[in-house]
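Summary of the model geometry
Each chain is listed here by its residues.
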Amino acid sequence: MTETWEPIYLSAKVFGHLSQGLYRTPAGAIKELISNSFDADARLVKLHTGFPSFETFSCQDNGKGMSEEEFRRLMNRGIGSSYKRSPTVITTELGRPVIGRLGLGILSLAQICTRFEIISHHKVSKTAFRAMIKFPPYTRQEMDKIAKKALLEDDEIHGGEYQLVEEQYDSAKQGLRVFTKYLREPFRKRMRNISHLGNKIAFGKSGPYKTFDQFLNAIYNPKKPTQSLNLLSDYDQLIFGWHSPHLFDFLTTEILQ
Ligand SMILES: Nc1ncnc2c1ncn2[C@@H]1O[C@H](COP(=O)(O)OP(=O)(O)OP(=O)(O)O)[C@@H](O)[C@H]1O
Ligand SMILES: [Mg+2]
């Protein structure tokens, strides 16, 4: 990795979304990553949750990847640009209806870590790069203050920094890999807190479910039909909460502890 850190520019509007914690749950952030893999025509996504200490988290896909130019554009006012917003459904090369609309999903990572690394092997240009992205560890209050000031002054915000180095392209590594670093302590705490496991709520038992049926019973109890995944721990939500039948049709997902 070279020593030069380059600034990331965000609009005040985008920063405001960030400060409001647009993506509040860890499961929500993971869903953003998987949606991006889907849009990139990946057929396989591998997630490493880092259970049980939750020190690292990674998401790796075999989609088309991203070129260095696309990445730099994203870092330079590209985040939050609504170029894809359109009333008609856009489809990918494989004919999938594109999920991404706002260009904000990638920011969801800022909610769970202060740094992340992206490694991309881009199918079309046959080039590869590795980039480290760093977000300042602002508190919610600091972010609110900066966003307010920037909105008043119609200012641009220096939202963090990134470093990029080119890598040797390898077709076997085609796709995008995201590795989180410096996971925020509140995220890790939430993930480690399994006191809200459905097992405990539904059966009064601590520890993991004995069978998958028990898990299903924990989230769906005919006597209490209002039960939902929202009652479960963040870890349970991460493992089971992002599933959508729409994604299931196209993607194979391996979730590895
Ligand atoms: N796994 C991936 N493979 C290839 N390109 C990706 C991947 N993840 C992100 N990108 C690129 O980064 C861009 C930004 O992603 P981001 O999730 O922030 O926005 P989006 O998907 O366009 O919209 P949304 O905010 O609705 O998710 C994407 O438009 C895409 O070009
Ligand atoms: Mg997205």
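Further up the page is the structure itself.
As the structure is a computational prediction, the values presented were derived from the model and not from experiment. (Residues numbered from 1 in each chain as written. Chains lettered and ligands numbered in written order. Predicted model: local features only at pLDDT ≥ 70, side-chain atom pairs only at ≥ 80, totals over all residues. Heavy atoms only, no water.)

All right, on to the overall build of the protein then. Each helix and strand counted, the protein has 10 helices and eight strands in total. Every one of the 257 residues in the protein was classed for burial, and the buried ones make up 43%. Across the protein, contacts joining residues at least 24 apart in sequence account for 72% of those joining residues at least 6 apart. A total of about 14,100 Å² of accessible surface is found on the protein, and carbon and sulfur atoms cover 53% of it. (Helix = DSSP H or I, 4+ residues; strand = E, 2+ residues; numbered from the N terminus. Buried < 20%, exposed > 50% of the residue type's maximum accessible area, 1.4 Å probe, protein only. Contact = heavy atoms within 4.5 Å. Areas by Shrake-Rupley, 256 points an atom, 1.4 Å probe, with all protein chains shown as cover.)

The subject of this paragraph is the side chain of Arg177. Mapping Arg177 onto the fold places it in strand E7 (residues 175–183). We note that Arg177 is buried and unpaired, the nearest opposite charge coming from Glu167 at a distance of 6.1 Å. Once residues within four sequence positions are removed from consideration, Arg177 is found in contact with Cys59, Gln60, Glu117, Ile118, Ile119 and His121. (Lys, Arg positive; Asp, Glu negative; His and termini not counted. Salt bridge = Lys/Arg side-chain N within 4 Å of Asp/Glu carboxyl O.)

Quick look at unusual backbone geometry now. Not every positive phi belongs to a glycine, and Phe54 is a case in point at roughly 55°. Mapped onto the secondary structure, Phe54 falls in the loop between strand E2 (44–48) and strand E3 (57–61). Judged by relative accessible area, Phe54 falls into the buried class, the value being 1%. Within the chain, Lys126 stands out as a residue other than glycine whose phi angle is a positive 55°.

The buried fraction of strand E4 (residues 113–122) is high, at nine of 10 residues. By the bridge criterion, eight bridges tie E4 to E7 in an arrangement that is antiparallel. If you follow Phe116 over to E7, its bridge partner there is Thr180. Alignment of E4 against strand E5 (residues 127–134), held across eight bridges, turns out to be antiparallel. Across the sheet, Ile119 pairs through a bridge with Arg130, a residue of E5. The antiparallel hairpin formed by E4 and E5 contains four residues in its connecting segment, where Lys126 sits at a positive phi of about 55°. (Pairing = 2+ DSSP bridges.)

Turning our eyes to something else, we now look at the packing of aromatic side chains. Taken as a whole and assessed by the stated rule, the structure comprises three aromatic pairs. With a centroid separation of 5.2 Å and 40° between ring planes, the pair formed by Phe71 and Phe129 is classed as tilted. With Phe71 in helix H3 (residues 68–75) and Phe129 in strand E5, this residue pair connects regions lying 58 residues apart in the sequence. Just as Phe71 is buried, Phe129 falls in that class too. (Phe/Tyr/Trp six-rings, centres within 6.5 Å; stacked < 30°, edge-to-face > 60°.)

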